[in-house]
Each structure stands twice: as C-alpha cells, then as structure tokens.
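# Descriptive analysis of the structure
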Amino acid sequence: MRHTEFWARLDQHLGAAYARTWAEQQVLGELGHRTPLEALDAGIPPKRVWAAVWEALDLPASER
C-alpha cells in the first residue's frame, strides 16, 4: 500500500475534511501510542498503519 492509497481510504471512510484531523489526533496503541500521521512519519509502512486504523474504526473485513 502506498501513502496515497492510505489517504484515499481514510478520506473515503471519514470524509476528506475530517480524515487528516483524525489522523493527527487519534492515538492508537497498536502504533506504539502514536497517531497514524506520526506512525507514517516514523517510517511505519502504510499497510500496517491502515491495519491499526481499520481496527480502530471497526471497518468491515472487505476494507482490510
């Protein structure tokens, strides 16, 4: 997964206006108590970050 796909998926589920804010503020334990944005900036692969986001948002399995 590329960063662009990560952001497109997040926009799809949260809306473009809210997705970036959510990613800047939502701390996830699965990411070492970092926000998704911090995790991406730290070099964690977008696919791994998406897995944590998917879990936090309780999205359907089809969106994994």
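This text goes with the structure placed above it.
What this report covers is the structure whose coordinates are included nearby. (Residues numbered from 1 in each chain as written. Predicted model: local features only at pLDDT ≥ 70, side-chain atom pairs only at ≥ 80, totals over all residues. Heavy atoms only, no water.)

It is worth spelling out helix H2 (residues 16-25) at this point. For H2, the complete set of buried residues consists of Ala19, Trp22 and Ala23. Take H2 and look down its axis: the buried residues cluster within an arc of 95°, on one side only. Exposed side of H2, more than 90 degrees from the buried face: Ala17 and Gln25 are the residues found there. (Buried < 20%, exposed > 50% of the residue type's maximum accessible area, 1.4 Å probe, protein only. Helix = DSSP H or I, 4+ residues; strand = E, 2+ residues; numbered from the N terminus. Arc of directions from axis to C-beta.)

Glancing now at the packing of aromatic side chains. Tallied over the entire structure, the rule returns two aromatic pairs. Both rings, one in Phe6 and one in Trp7, keep their centres 5.1 Å apart while their planes meet at 85°; by these two values the pair is edge-to-face. One exposure class covers both Phe6 and Trp7, and it is buried. Look at Phe6 and Trp50: their rings are 6.0 Å apart centre to centre, the planes differ by 85°, and that puts the pair in the edge-to-face class. Of this pair, Phe6 sits in helix H1 (residues 3-14) while Trp50 sits in helix H4 (residues 46-57), placing them 44 residues apart in sequence. Accessibility assignment for this pair places Phe6 and Trp50 in one class, buried. (Phe/Tyr/Trp six-rings, centres within 6.5 Å; stacked < 30°, edge-to-face > 60°.)

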